[in-house]
Amino acid sequence: MTGNPTSPTVRPYGAAAPPWGRTARDHLYIGEALVRWLRGRGQGKVTVAYVRQAHARSDSIEIRFGPKGRRRLLHVQMVRRSFSEWKDDRRRLEAAPGKSPTIRAYGPESELSAYEVRATGHALRFRCETRDGTREVSIGTQSPDHTVQWTILERCRLSDLGIVTPSLEVAPEGDVLRLKTAEGAATSAPQPRRQATEQDKVRGREKQPPATNSPPHETAGAALQEPVDPRVAAARAGLPPVVDDLLHRFTAAGFGLTLVGASVRQALQGSAGHELDFVTDSDVQQIRQIIHGWGDEVRVHREDTPGVVSLRKQLDTGSYNLRISAIPAPSRDRSPRSRRAVHEKALEAYLRRRDFTIDAMALGLSHVTLTDPFGGLRDLERRVLRTPRAPTASIVNDLPLMLRVVRCAARLGFEPVSELRGAMLTMSRRVSGVPVERVREELTAIMLATRPSTGLRLLVDMGLAEQVLPELPALRFESAGHHRHKDIYEHTLKVLDQVIALETEGPDLTLRWAALLHDIGTPRTRRTGRNGQVSFHHHEVVGAKMARKRLRALGYPEQLIADVVRLVELHLRFHGYLDEKWTDLAVRRYVRDAGPLLDRLHRLTRADCTTRDRRKAHALARAYDSLEERIQCLAVEDERQAARPDLNGYQIMEILDIRPGAELGRAYEYLRDLRIEKGPMNFETARDALLEWRARRDR
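Just so it is clear, the model here is predicted, and its values are computed rather than measured.

### A look at the overall build of the protein
When you go through the protein residue by residue, the secondary structure sums to 30 helices and 26 strands. Evaluated residue by residue, the protein yields a buried proportion of 48% over its 699 residues. The contacts in the protein between residues at least 6 apart in sequence include a share of 62% that link residues at least 24 apart. Summing over all exposed atoms, the protein offers an accessible surface of approximately 35,000 Å²; the carbon and sulfur share of this is 49%.

Here it is as C-alpha cells:
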C-alpha cells in the first residue's frame, strides 16, 4: 500500500481484519472494548475505524462519539513513530472536518519519546493480554519516567478533558488532567495483569508489582478444586452461549464469575438447561451496573435471598433465566494469600448451604475447574442424595428439605442415603409445620415429575404422607373384590403410572390427581359380607367428597378441584356398560355427565384396568373400544340431526306446491343431507337443487 499521512486508508468497523502484523487482532479487541465502554457511559453514535498510514507497520484506531455538533475523537496509535511522523499525524487530526476534540492514546508498541509525554504530563496506553484463553484489554497511565500504572476500563470515567484513570485527577484550575501525587496514586489501587518481564525492566517501560493470574473468585476455591477430567471439560464446552456472553462482561469489569448449583449438575449430565445460577466476587450494585442494558426483567432480591440479582436474557437459542449471587471480595489491602483463603471459606460456606451434594459444586468458567468440597461428583455417579451438612442439622434448619428430597427422587430417580432416610423418619412429624403453600408447591412438583410414583412411595415410607396426604397411606392394607391380586395402594400407584403413559400433550396435573385419589373412598366404605366377600359400594361418591376436602386443604384452584372430583365420581360408570348393554340414551347420558372431561375420563378408565389376567384385560379394552366407537357414531348422528336445511318447511311446500306429509319429510331430509355434504347454500341454489331432486323423482 502507498499513500501519505494525510491520506489514510479507513476500514469500517466490523470489516474483516487484514494481516497487518502481529498486533492486527489487538486492534479489534481494543476497538470493541472501547466501543462497549463508551456506550456503557451513555455515549451515542459511537463509530470506529481502523486507519493504516503509509509509514506504519500497523494501523491506528479512530473512534468518534457524542451528539451532533459536539463529536469527539479517541485516537489510539498502535505503533512506534518518529517525532516528525507524530507531528504530521497530529496536524492531520487537528485539520479533520469539524475539528473534533481529540483524546490521544497509544498501543503497546508505541515507544513514546519524552517530548510526547511531557506535552501533557502523562500518556494513556492500551494493551491486550491472553488470560484464561481470552484476550482482555487494560489501560495504563504512563508518567514521564515511563512508569505505567495498569488498570481496567471499568474503573475509569469519561470527562470533558478525556479519560480519567484512577492515577489521574483534574487540576485545581479545572482545565487539564494531571497525575495524582504519590499518596493519591497509591490510593488508586492499580490492578496489574502480569509481572513485568526482564526486557521491560531494562527498557524502563513499566514497573509494577506481581499480579495474580485470575480473578479472585476463580482462585478462591483452589484448595477445593479436583483435577480437571474430560467430563468437566465437556460440561464447560456444552454451556450455552449466554454464559460466555455474561462471563465476558464480568471479566471486562475485573470480576470473576462461577457457575454453581443444579446448573453444574445438569452441565455434567450433558443437559445444561435455561435456568442458570452463578456467583461472583462483586456486590449487588456492581452486578446491576455490569448487566445494565443487557438483561431484561432485572430484579434484586431483598427478602428471602438477599444479595441475589435475577434477570432474563433472550437469545436466538431461547430465553434464559439467570441468577447471580454476590459474594463480595475482601479488602484489596489484604495479601493475595489472605484473600484466597477468605474466598475459599466464603465459597465453601455458600456451597454448604445447598440442599444436596450433587448441587454443591462450582464450575470455574475462565479456568475450567470443578470445585467439589463435599463429594458431589461421586454422589452424582452413584445416583444418591446426600446433604453437605449433617442430615439432622439440615432438616432442623429447613423443614421443607424433607419434601424436596421426595421431589428430587421423583424427578431425578436418585435415592437418599441411609443417614438422610433415618433423619427423615425421625423428624417426619415436623413436616406439619411447613406452610401449606410450600406443601402444595412440592406436591405439585412431585405429581408433575417423570415418575411421581417413586416420590409418593418415599413420601409414604418416610412417614411424611401421614402429615400432608394421609389418604394415601390409608390404602396400603385394603383389598378390593375386583382387585383381589393386590392392595389398593399398589393398584393406585400403578393406575397413576398407566395414566401418565396415556398422556399425549405433556403432564396433566388434573388427570394425575384424579388417578391418585380415585379410590381413596375405599377405607370408609369397606364392608365384609357373611361369605367373606369384601365390597366398597359407592366408594366413588365418598372418594369424591374426600378428594374435594383434601385438595381444598392444600389450596388448589377451584376449577382443578371440581374437575378432579367429577372424574372420581365417574370413574366406575363404565363397569355398568360391562354388566348390561347400554341404550343410546345411556351412552348420551355418559357423555353429557363427563362434559369437557370426556377425554380425561377415557384415559382414567383405561388406566384403571390393572389386572394381570391378559384375557380379562383384552376383554375390558375391547369393551371400552366399543363404547368409544358408539360415542363417536352417536356424535356424528347428533350432529347430522342438529343440522338444518337451507329452506324451511314453508318454503319447501311453496316451491314444490305440496301439503304437509311424507313428501315434505323426504324433501326436508334431502336438503339436510345436501347441506351436510356440500355446506351452506343461498336461496336460489337450494331452490334449484330441490326442483332438480323433484324432477328426478318424477321420471
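Resuming the write-up.
### A few points about helix 26 (residues 598-607)
When you tally the buried positions in helix 26, you get 7 out of 10 residues, the bulk of the element. Within the sequence span of helix 26, burial applies to Leu-598, Leu-601, His-602, Arg-603, Leu-604, Thr-605 and Ala-607.

### Brief notes about the pairing of strand 17 (residues 308-315)
Looking at chain direction, strand 16 (residues 296-301) and strand 17 are connected through 4 bridges and run antiparallel. Looking at strand 17, one finds that Val-300 is bridged to Val-309. Strand direction decides the pairing type here: strand 17 and strand 18 (residues 318-326), joined by 8 bridges, are antiparallel. The partner of Ser-310 across the bridge, within strand 18, is Arg-323. Hairpin remark: strand 17 followed by strand 18, antiparallel, with 2 residues in the connecting loop.

### Structural notes on the pattern of salt bridges
Tallying each qualifying case throughout the model produces 29 salt bridges. Where Arg-236 meets Asp-244, a salt bridge forms, and the shortest distance between an N and an O atom there is 2.7 Å. Here Arg-236 falls in the buried class, since its relative accessible area comes to 12%. Taking the shortest distance from any N to any O, the salt bridge between Arg-603 and Asp-599 comes out at 3.1 Å. Of the two residues, Arg-603 and Asp-599 are both situated in helix 26; the distance of 4 residues between them amounts to about one turn of the helix. You can call Arg-603 buried: its relative accessible area is 18%. A single salt-bridge network, built from bridges that share partners, covers Arg-378, Asp-379, Arg-382 and Arg-386.

### What to know about the packing of aromatic side chains
Summed over the entire model, instances satisfying the criterion amount to 2 aromatic pairs. Arranged with centres 5.6 Å apart and planes meeting at 70 degrees, the rings of Trp-513 and Tyr-556 form a pair that is edge-to-face. In this pair, Trp-513 sits in helix 20 (residues 509-517) while Tyr-556 sits in the loop between helix 22 (539-553) and helix 23 (558-570), placing the two residues 43 residues apart along the sequence. Taken as a pair, Trp-513 and Tyr-556 share a single burial class, namely buried. Ring plane angle 15 degrees and centroid distance 5.6 Å describe the contact between Tyr-670 and Trp-693, whose orientation is recorded as stacked. Placement of the pair is Tyr-670 in helix 29 (residues 662-678) and Trp-693 in helix 30 (residues 683-698), with a sequence separation of 23 residues.

Cut-off values and rules
Residues numbered from 1 in each chain as written. Predicted model: local features only at pLDDT ≥ 70, side-chain atom pairs only at ≥ 80, totals over all residues. Heavy atoms only, no water. Helix = DSSP H or I, 4+ residues; strand = E, 2+ residues; numbered from the N terminus. Buried < 20%, exposed > 50% of the residue type's maximum accessible area, 1.4 Å probe, protein only. Contact = heavy atoms within 4.5 Å. Areas by Shrake-Rupley, 256 points an atom, 1.4 Å probe, with all protein chains shown as cover. Pairing = 2+ DSSP bridges. Salt bridge = Lys/Arg side-chain N within 4 Å of Asp/Glu carboxyl O. Phe/Tyr/Trp six-rings, centres within 6.5 Å; stacked < 30°, edge-to-face > 60°.

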